Structures are given as C-alpha cells and as structure tokens.
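Observations on the model geometry
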Amino acid sequence: MAKEYLTIKDVIGPLLFVEKVVDVKYAELVELEFPSGKRGRGQVLDISNDVAVVQSFESTQGLNTTQTRVKFIGRGLELDVSKDMLGRVFNGLGTPIDGGPKILPEKRLDINGEAINPVERDYPSDFIETGISAIDGMNPLVRGQKLPIFSGSGLPHSKLAAQIARESRVLGSDKEFAVVFAALGITFEEANFFIDQFRSTAAIERAVLFVNLADDPPVERLATPRMALTAAEYLAFDLGMHVLVIMTDMTYYCEALREVSSARKEVPGRRGYPGYLYTDLATMYERAGRIKGKPGSITQIPVLTMPDDDKTHPIPDLTGYITEGQIILSRDIHRRNIYPPIDVMPSLSRLKEKGIGEGKTREDHSGLSNQLFAAYARGKEAQELSIILGEAALSDLDKTYLNFAANFETQYVKQREDENRSIEETLALGWSLLSELPRSELKRVREEDIEKYMETKEV
Amino acid sequence: MVKGEIVRVAGPLVVASGLKDAKMYDVVKVGSERLMGEIIELRGGLASIQVYEETAGLGPGDEVFATGEPLSLELGPGLLSSIYDGVQRPLAVLAEKSGSFMKRGIEAPGLNRTKKWAFEPSKKVGDQVSPGDIIGVVQETSIIVHKIMIPQDVEGRISEIRQGDFTVEEGVAVIEMADGSSAPVQMMQRWPVRIGRPYAAKMNPSEPLITGQRVIDTLFPIAKGGTACVPGPFGSGKTVIQHQLAKWADAEVIIFIGCGERGNEMTDVLLEFPELIDPHSGKPLMERTVLIANTSNMPVAAREASIYTGITIAEYFRDMGYNVALQADSTSRWAEALREMSGRLEEMPGEEGYPAYLSSRLAAFYERAGVVTALGEPERQGSITAIGSVSPPGGDLSEPVVQSTLRVVKVFWGLEDKLAYERHFPAINWLVSYSLYAEKLEEWWDEEIDKNFRTERREALKLLQIESELREIVRLIGVEALSPNERLILETARSIREDFLQQNAFFELDTYTSPKRQFLLLDLIITWHTLALEAVENGMSLEKIVTSPVREKIARAKLLTDNEIEEFAQIKEAIIAELEVSETVVEL
C-alpha cells in the first residue's frame, strides 16, 4: 500500500528531506507530484526514524515544501524488460521516447542487479575481431571483458566506439549479437551521431538505446547506466545473446555522483568525488562477464574523457583499477592525423593472453605483439634522443628503430574509418614491420614463428 | 537473543536501538532476512552496525537480533581448496542455494557438516594435554596433513580418544579438566577474526621464501615470515605478481585474498589452480590453497572483514607448523572500505578522507605475520609471510595507504607503469625497490646455492645503478661521450634487464626459475661482463665484443630447464673461448 506525504521539510539541490514518514525502506522508489501537477520520480538515500532523504531524478524546479506530494512505492527502481526492447530508444529512466508503443514486460527487474558469484563466472576467452589493428593485434578485446576507452575532449572516441560496435565479430561464431548503448550526459549531436550510425547500418534492429542528454537531470544519469546494464543482463543471461554495452561518457556520470554527494554533505575523497566512487563504479563495471552454463555474455566498452588528458584524475584512475585494461587515445597522435589515435604503449588488455594464441587467433600472436611493443618502445626512446641530440647522433640500430616506430604508427595503427582489417592481415602487417629489424633483435618471438611467418627481404 | 530495532539506514550502515549489553564487534542479524552485520560503534544507547549485505528494503522499525558473539571463523578440515566470501561463507554452496547471482540473507557454514574425515589419533587415553597440543591428524588433501589441536581453555587428561571417520562436529576426544568437568574435543574450532591466535614465541625470519621470480629471489628477496608490499598504478602488473607468488612460492599453504578486486581474476585463479601442478609436491596447487573472494561489487563491509578472515585462517595453519604465504590483493580496497564506513559514521577524517586509525589498523594486520614457535606439543615452528598489494591513486606513492604500509613492511617491490608500457615484466623498478632481508638471506644463498652469489648479486645491483647515471649522460650529450668501459656497462646492464630481470609469467619455460638456475643465469651475465672488460682493456674492439654470437645464447639461457643445467657450463665456456680467442688475435 502506497503512503502519501505532504511533509517535505527542506529541498537542497536534488535532495528532499521528508518528515514524519512511517514504514519507509532504504532504496525505496518515490513518486513526486509537483504543485503544477507534473510527476517525477526519486529514491530514498537515507532513512532514519522519521526523516527520509529522497534524491529526485527530476529537476527540483517548481517544487515546494507545502504542496508537493511524496508517495513511497514500496519497491526499488525497476526496469520492464522484454525482447521487444531491441530496436527501441528509451530515456535515462527507461521510458520509451521514440514514439513507439510501451514495452509489454516479460519481467520487471531491479536496476541494481546482483553481484555474480565468482565461482559461477566463466573466464572470458573468445577473441573479438574489431577490425582495428591497434586493438586486435596489440590489445585485443575478449568476449565478457570490460575495456574502457580513455579519451580527451575533441578526440574521436565516438567514431572509434561506433566503429567497434559496427564491425565487431567473433571468429567462427554466429550467435545472436546485440548492442546496448547508454548515452550519459552527452550532447544531442553526439547522441544523434550514434543513433545515425546504428540506423545507417541497420544495426538499430539489434540495439537498445538509453539516452540521457547533457540537459537532462544529472541525478537521472545515476540510474541510466544501471538501466542499460539491466537490459543487457536480460538479453545476455535470459535470452542468451552476446551483448556489447557502450556507455559514454562515464565522466559525466561521476560528476553527477559528486553533485549528489556534495548535496548530502558527505566527506569528499579526492577532487571532491565521494570516497565510495570506486565501489560505485565497480557495481557497474563488474556486471560484465560470462556465466557458466549460459550461452550469452556481456562485453563493456565504457568511454570516458579524461579531464585535461590526465590519466591520474580519479575517474580514469579508479576505472583503470576495475576494468580489464584500457584503450588510451593520444592527442599527440591525433594531431599527426592518425586515426584511430590509439597510444598502444599505455593501452592494455589484461585478458589478452587468454583470448589469443593457437586455436583462437594464431600461435605467433602473443610473441609477435610483445616484440612489436618492445620495438616500438625502443623506437620511442630513440625518438626522444633524436629530439635532444639530433638524428645524426643516433647509432645505426637506433635509426632503424626510429624508422620502425614511424612506420608502426603510419602503417599499423593508422587505418581508415571504414577499413575492417582481419586478424590475419593485422598479423601479416606486424611481421612485415619486424622484417625491417636485424634478426638478432627479435628476442621475443620464437624461431619457428620467424621461419614460418616472416618474409625475409632480399638484400 | 536480545532484540532491538532499526532507527536509521544509510547504505551499508544501520543504526539500531535497544541492543542492551551488546559488545563492540558483536555479530548481529538484521531485518527479517537476518542479514549478517557487526557492531562498530556504541553511542548513547544506539548501536551502529556495518551490514555485510545489500541493505535495500530495510527500514526503521525492522528488528535486529544480537548474537552476543564476535565475528568468528570455523577452523578445521575442509578449509583447503575452498573459496569463501569475506565472512567465510563458501561461495560454491551459495551458488548451489541461490544460483549464479548472489542473493541476500543466505547462510552457509564455513565447513562442510556432513563430510567425514579420517581421524588418526597421535595421543592416547591418559595423556596430559594443554592448548595447542596436537592430538591427531587428518589427511586433508594429498599434500597437507591437517593437525587437530586442543582448543584454547581446554586443559587436562584425555579420558577418551577415538579413531575413524568423523564429521567436523563429532567428538574425537574427551578431556577431563582440572575442575572435574569433561570437555569434548571436535575437529572444528572457532576463533574470532579480529584477535590474533596465541603462540609461544616469535622469532626473526631467516630463510628465503623462494618464489621462482628472478627479480624477487635474487635482487629483492622476501623471507619466510616476512612482510612485503607491492604498490603500483593500474596496469603495472600487481595482480600477475600476486598470482605468480601464489602459484610458485615454496610455502606449504597459500591464502589468497581477493579484496575488492575483479571477479574475473578470481575466476582465473579458480579455473587455473586446479590445473597447475606445484613444482615442489607435484600435486595440483589448489590442494594447498584457500581463496577468499570479496570482489569489488560485493558488499563493502564484508570486504573490510575479508583480510581478517584470511589472516586468521593463515594463523591456524601456522599453528600446525606450516609455512603459510598470505596475499592480499588489494589492501587499498580494504582501506577504502574502512574509509567508507568511517565517513558514514561521521568520524573526523584524517588524510584524504581516510580515518585517523588507518595506519594503526594496517600495522596491526602486518604484525600478525612472522615466524613463531607454536603453542603446545610437539614443538613446531610455523610462519606467515604477508604480501599486500597497494593500488595508489594515480600511482602516487605519497598517499596514505602506501605510506602507512611502508612503515611496517620490510620489502618493497615498487612497480612502475613506464616499465609496463615497455612490456618489461615484472615491472618492478630495480632502483627504488628494496628488501631489508637481503643481507640476511645472502648468507642462505651463499651456503645453499653458490658462494659467489653475494658478490654477483651486488655487482648486478651496482651495474644497474651506474647504468641509470650513464643513461642520464647519454640523454644529455649522446653516447659518444662515454668511454668504452662505460659503454660496456650499458650493454651489460641491458642484458641484466632483458635477459635476467624480465620474466614472462605466461610462458611455460620462463614462469618459474629455480634458485640454482637463477644463480647460473646471473653468473653468465656477470662472467661475460668481467671478461669483456678485460678484453676491452686488451684492446679488443667494443663492436666485436658487443656483437659476439655468445650473447644470443645468454639471451636464450633463461629458457633452459633444470634438466639442461649443464648447458650453462657450455655457454660459460663459449664466453671464455670467444673473448679469449679474440684476445690472442689482438696480441698477434
């Protein structure tokens, strides 16, 4: 039975302090009726004997303390799910906004989900071919992985995310594939770019979109990724689909969290973000994965813009500690007109070794990528030296490496936006670059692989 | 049970009234689902409780029951090969009961109640026993003999002792106490997690914990019973190092605590360990391992408890006389859980919002490591080696968790992201890392492995140190400014880095190097350096030395196995031959 109150005492930012409440539960969903008749939703954040702190998902403009009605619903925030969600667009709270009919729910799920029991997890091990060499060859994405893109404002992370969503496929598999997309506080134009991309390739039919734009209430943004992940879990673990979840931009999500935290007067951690930011992010990122005995999977690609390109900022920092690697975009490479501007050195895929090798990609993949990393690192070192001392001061070997690094960027990393390189092409490209180096420098690849895959140049 | 009532709920913190006589750190059951929690503050008749499960749906007026007992573990046969959450609930049992996702309010005892274990008594009726005495054994796994010890507060004469198959709750012996009462002894005993188990005496560590990781064993070794910390930014390989230690360390029992880390990492351990064979015993690694998994999305309060759960189990095996290695990945997540609860209690924050008692809690945790003589008969020594990883924000080592940890641990393996980017793994920076056990342990190496160990280890460290200075010079004025000797040092140091320090955890032949091979490998590089120096002085061209074919053999020597150990001698001969033959050429 729903109880209705007219007893708001204070309104502070997005928070309402409701007095004289009885039998209200923590995390309960709240319906608000504004004096104008407008309706909104909120959630209980703190409940003591007679005061409930409610966080409103709507803007609190037009709300007052005397006439606003507060109704406690007796359950948490939930999402109606069904297979018909595919191809639809929802707002940040799960209401359809594409003019289509309401979803007839198969199930109604709490958006907070539940933690996967670690013993029930199945280890991600299926290589996903994204068609992008810098990812497939060097930092491969694996089904069930959470691999964020760390970007900066003005860098083409949206293009890259869209390209991955469009072209990803798993080698030798044709299971049902779906994309769940969550727009978190991004602009209309950016959101539209994604929707257009999905429409133009007919990918929209297997996509579910949740859109919270920059001018939507920030508090709603706290619910949006959880809506998206709840939908993804239903598609993956109930319907057995392979789901790719793209969430952009996590930075705006964290800022919304900070906004609510400061309204609650909580003790701030680094840079004003709440001390529980790590746990909060983890409850979302950890919803990626595979479960034993279930055919589906959830792969997450969260996108975040690093404030001032600073990787040590709390948002990328805590994200990096939770996710299984990161793809880092570099402004420097972008300026040199290389797309995708992926800086492969600080980028990392923690599941690389599990997703590649014989039977998955090819037996030489691991050694090859380690050798490319080492050679590229040596080339970058030579580059630094040549900046200070001039190229003439370099030894012949250093010059070879310098060349290698340049070729690596312009031939291996760089590719067209519509270019879909197969893993064989990527590997062949790697060997062809290595063939420029003296044989004695190739310490990380096996002799037999060199014999088999490297075409020796005629001198 | 005393019954109280909730007055406030804020995240994992619940405040309750009416819990008369409740004591600090007593366990309480909250709400109709009986969620487990622990009292962390008593103020003005109200008890603040940290709840180990999600609190959504709780509200004022809901009931709270005090159990009157502190958070305790069940210790006995069945611990090994288990995987527990932060409060010792077996995750496999939870999965059976509630499926793939963690549901709330499910209880499951830490030890299996129905499984029978074959108990073999080692004492007989009439024997006098006191706490810690071993009265019998159970072959728990094929490698670990579980010793059944007399619990605390039990002392007297054995009036009954039985042999045969029993569950952990069935009595295996009866002790006639001094006051005439009789105490039944079962294989399971309970112990509160926040109190260290008693021992007879503590000693200084003196033996190395061999990990098979060259940079650790040779350069920055840890002793059995020592403490170490592994700080590093994300992506620098903390978890891989922890996994490597859990796999290869020559401890008899491994306790691995996944504290607020990734779920997939625990899965990795779970799937991999049963397959991996322990190089020392030839049995699956899982048979000596206890896993505690409280992943980052599991309730934060249980994460706080998880490291205490881990170290209490470690102490229990230590008391049996085993060398235990405990790994906590990561203590930063534990500290954050502490911070979160402290914030909700509205305590005055210390540095970076962490509570002021952070460093004393950390110190108290690491102090539970060490080498001890256990209580009771027969006399035996056991040890706990505690290795904690730290995840400093932005890799900044000046932050409170790293600093508080460094004050208590003796070994510091500093990871660096720059090395990781170059795929130099393990990315342990050789210039900042240290081990306060190094000198003590050199004695062991000199005696057990080779008398030249100490000299060559120090030579290697010196070369690396000089290299960093020389690289500064090269960066400023170019390699031409260096003398041939100095250029040779650069070459050798690079060889130490690439051919010795770098070790591929994912490559079967490279993942573990025995102490003997570690020494032989280092010996090759240092021998090459010494002879090359002489050759330079005798006028041989540096170019020729540096490109000598034997260097490729040195580079591949790390992949030699223990069965191919004589090849090291061959390579050494080749070094001597190459550098000497050319010498005579020069003389001509």
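The structure under discussion appears in the preceding block.
So, a few notes on the structure that sits alongside this text.

Looking now at the overall build of chain A. Scanning chain A from N- to C-terminus turns up 13 helices and 22 strands. For 459 residues, the compact-globule estimate of 2.2 N^0.38 gives 23 Å, and the C-alpha radius of gyration of chain A, at 25 Å, lies within 12% of that figure. In terms of overall dimensions, chain A has a C-alpha envelope of 85 × 50 × 40 Å along the principal axes. Taking all contacts inside chain A whose residues are at least 6 apart in sequence as the whole, residues at least 24 apart take part in 72%. Counting only carbon and sulfur atoms, one obtains 47% of the accessible surface of chain A, whose full area is about 17200 Å². Positive and negative side-chain charges of chain A, numbering 56 and 70 respectively, have mean locations separated by a distance of 3 Å.

A separate point is the side chain of His242 of chain A. Residues and elements named next belong to chain A. By the element assignment, His242 lies in strand E18 (residues 242-248). Among the polar contacts made by the side chain of His242, one reaches the main-chain carbonyl oxygen of Pro295 at a distance of 3.5 Å. Among the polar contacts listed, one links the side chain of His242 to the side chain of Ser297, at a separation of 2.7 Å.

Before going further, it helps to spend a moment on the pattern of salt bridges. Scanning the entire structure with this criterion turns up 87 salt bridges over all chains. Note that Glu4 of chain A and Arg69 of chain A form a salt bridge whose closest N and O atoms lie 2.8 Å from each other. Placement of the pair is Glu4 of chain A in strand E1 (residues 3-5) and Arg69 of chain A in strand E7 (residues 69-72), with a sequence separation of 65 residues. A relative accessible area of 42% means that Glu4 of chain A is categorised as partly exposed. You can call Arg69 of chain A partly exposed: its relative accessible area is 35%. The salt bridge partner of Arg494 of chain B is Glu441 of chain A, with a shortest N-O separation of 4.0 Å. One end of the pair, Arg494 of chain B, is in helix H12 (residues 484-501); the other, Glu441 of chain A, is in the loop between helix H12 (423-434) and helix H13 (447-453), on a second chain. Each member of the pair Arg494 of chain B and Glu441 of chain A is classed as buried.

So, about a nonpolar patch on the surface. Residues and elements named next belong to chain B. A cluster of nonpolar side chains, contributed by Ile473, Leu476 and Ile477, occupies part of the molecular surface with about 300 Å² of accessible area. Looking at the secondary structure, you find Ile477 in helix H11 (residues 453-477). Taking the relative accessible area as the measure of exposure, Ile477 reaches 55% and is therefore exposed.

Moving on, we come to unusual backbone geometry. Trans peptide bonds make up the majority, and among non-glycine residues the majority have a negative phi. Residue and element names in this part refer to chain A. The omega angle of the peptide bond from Thr248 to Asp249 is 10°, so this bond is cis rather than trans. Tracing the backbone through its elements, the reader meets Asp249 in the loop between E18 and helix H5 (250-263). With an omega of -10°, the peptide bond between Tyr339 and Pro340 qualifies as cis. Checked against the element boundaries, Pro340 lands in the loop between helix H8 (331-335) and strand E22 (348-349). The phi dihedral of Lys20 falls on the positive side, at around 55°, and the residue is not glycine.

Attention now moves to the interface of chain A and chain B. Contacts between the two partners involve 74 residues from chain A, matched on the other side by 80 residues from chain B. Across the chain A to chain B interface the summed buried area is about 6300 Å²; carbon plus sulfur atoms make up 52%. Contact with chain B buries area across many residues of chain A, yet Tyr26, Pro118 and Tyr321 of chain A alone supply 12% of it, more than any other trio. Our count for the chain A to chain B interface comes out at 8 salt bridges. A salt bridge links Asp46 of chain A to Arg8 of chain B; the nearest nitrogen and oxygen atoms lie 2.6 Å apart. The dominant element in the side of chain A that touches chain B, judged by the number of residues it contributes, is helix H10 (residues 365-389) of chain A, at 9 residues. Of the residues assigned to the side of chain A that touches chain B, the class counts are 34 nonpolar, 15 polar and 25 charged. Pairing between strand E5 (residues 39-48) of chain A and strand E1 (residues 2-10) of chain B: 2 bridges, direction antiparallel. The residue of E1 of chain B that forms the bridge with Ser48 of chain A is Arg8 of chain B.

Residues and elements named next belong to chain B. With 94 residues, the main nonpolar core has Trp413, Trp528, Ile545 and Ile575 as its most contacted residues. It is helix H13 (residues 515-537) that provides the largest number of residues to this core, a total of 12 residues. The residues contacting Trp528, other than those within four sequence positions of it, are Leu488, Thr492, Ile545, Ser548, Val550, Arg551, Ile554, Ile575 and Leu579. Grouped together as the second largest cluster of nonpolar side chains are 74 residues, Val154, Ile175, Ile313 and Val402 included.

Turning to the packing of H12 of chain B against H13 of chain B, a few remarks are in order. All names here are of chain B. Closest axis-to-axis distance for the H12/H13 pair is 10 Å, and the angle between their directions is 165°. Here H12 is positioned roughly antiparallel relative to H13, judged by the angle of their axes. Relative to H13, the crossing made by H12 is right-handed. Of H13, the residues touching H12 (which contributes Pro484, Asn485, Leu488, Ile489, Thr492, Ser495, Ile496, Asp499 and Phe500) are Gln518, Leu521, Leu522, Ile525, Trp528, His529, Ala532, Leu533, Val536 and Glu537. Of the residues in the contact of H12 with H13, the class split is 12 nonpolar, 5 polar and 2 charged.

Here we come to the pairing of strand E2 (residues 13-17) of chain B. All names here are of chain B. For E2, a buried count of 4 out of 5 residues is recorded, marking the element as mostly surrounded by other parts of the structure. Two elements, E1 and E2, share 5 bridges in a ladder whose sense is antiparallel. Looking across to E2, one finds that Val9 is bridged to Val14. Where E1 hands over to E2, the hairpin turn is made up of 2 residues, of which Gly11 adopts a positive phi near 60°.

Between its first and last C-alpha atoms H11 of chain B spans 36 Å; for 25 residues at 1.5 Å apiece the expected length is 36 Å, and the two agree. Regarding H11 of chain B, the residues found buried are Phe453, Glu456, Arg457, Ala460, Leu463, Leu464, Glu467, Leu470 and Val474 of chain B. Looking at the packing, one finds that the buried side of H11 of chain B touches H10 of chain A together with helix H2 (214-219), helix H10 (438-448), H12 and H13 of chain B. Directly beyond the C-terminal end of H11 of chain B, a positive phi value near 90° is found at Gly478 of chain B.

Time to look at the packing of aromatic side chains. For any pair of aromatic rings, geometry is given as the distance between the ring centres together with the angle between the planes. Residue and element names in this part refer to chain A. The tally for this structure, following the rule as stated, stands at 19 aromatic pairs over all chains. Between Tyr5 and Phe72, the aromatic rings sit 5.5 Å apart at their centres with planes inclined by 75°, giving edge-to-face as the arrangement. On the criterion of sequence distance, the pair formed by Tyr5 in strand E1 and Phe72 in strand E7 is long-range, its members being 67 residues apart. Using a relative accessible area of 12% as the deciding quantity, one classes Tyr5 as buried. For Phe72, a relative accessible area of 0% gives the class buried. Taken together, the ring pairs connect Phe181, Phe193, Phe194 and Phe198 into an aromatic cluster.

Each value, and the rule that gives it
Residues numbered from 1 in each chain as written. Chains lettered and ligands numbered in written order. Predicted model: local features only at pLDDT ≥ 70, side-chain atom pairs only at ≥ 80, totals over all residues. Heavy atoms only, no water. Helix = DSSP H or I, 4+ residues; strand = E, 2+ residues; numbered from the N terminus. Rg over C-alpha atoms; globule rule 2.2 N^0.38 Å. Contact = heavy atoms within 4.5 Å. Areas by Shrake-Rupley, 256 points an atom, 1.4 Å probe, with all protein chains shown as cover. Lys, Arg positive; Asp, Glu negative; His and termini not counted. Charge placed at Lys NZ, Arg CZ, Asp CG, Glu CD. Polar contact = N/O pair within 3.5 Å; in protein donor to acceptor, adjacent residues only side chain to side chain. Salt bridge = Lys/Arg side-chain N within 4 Å of Asp/Glu carboxyl O. Buried < 20%, exposed > 50% of the residue type's maximum accessible area, 1.4 Å probe, protein only. Patch = residues over 30% accessible without salt bridge, like charges linked within 9 Å, V, L, I, M, F, W, Y side chains within 5 Å. Buried area = accessible area lost by both parts, 1.4 Å probe. Nonpolar A, V, L, I, M, F, W, Y, C, P; charged D, E, K, R; others polar. Pairing = 2+ DSSP bridges. Core = buried A, V, L, I, M, F, W, Y, C linked by side-chain atoms within 4.5 Å. Axes fitted to C-alpha atoms, helices over the stretch in contact; angles between N-to-C directions. Parallel < 35°, antiparallel > 145°, perpendicular 65-115°, else oblique. Left-handed = near helix turned anticlockwise from the far one by under 90°. Expected span 1.5 Å × (residues − 1). Phe/Tyr/Trp six-rings, centres within 6.5 Å; stacked < 30°, edge-to-face > 60°.

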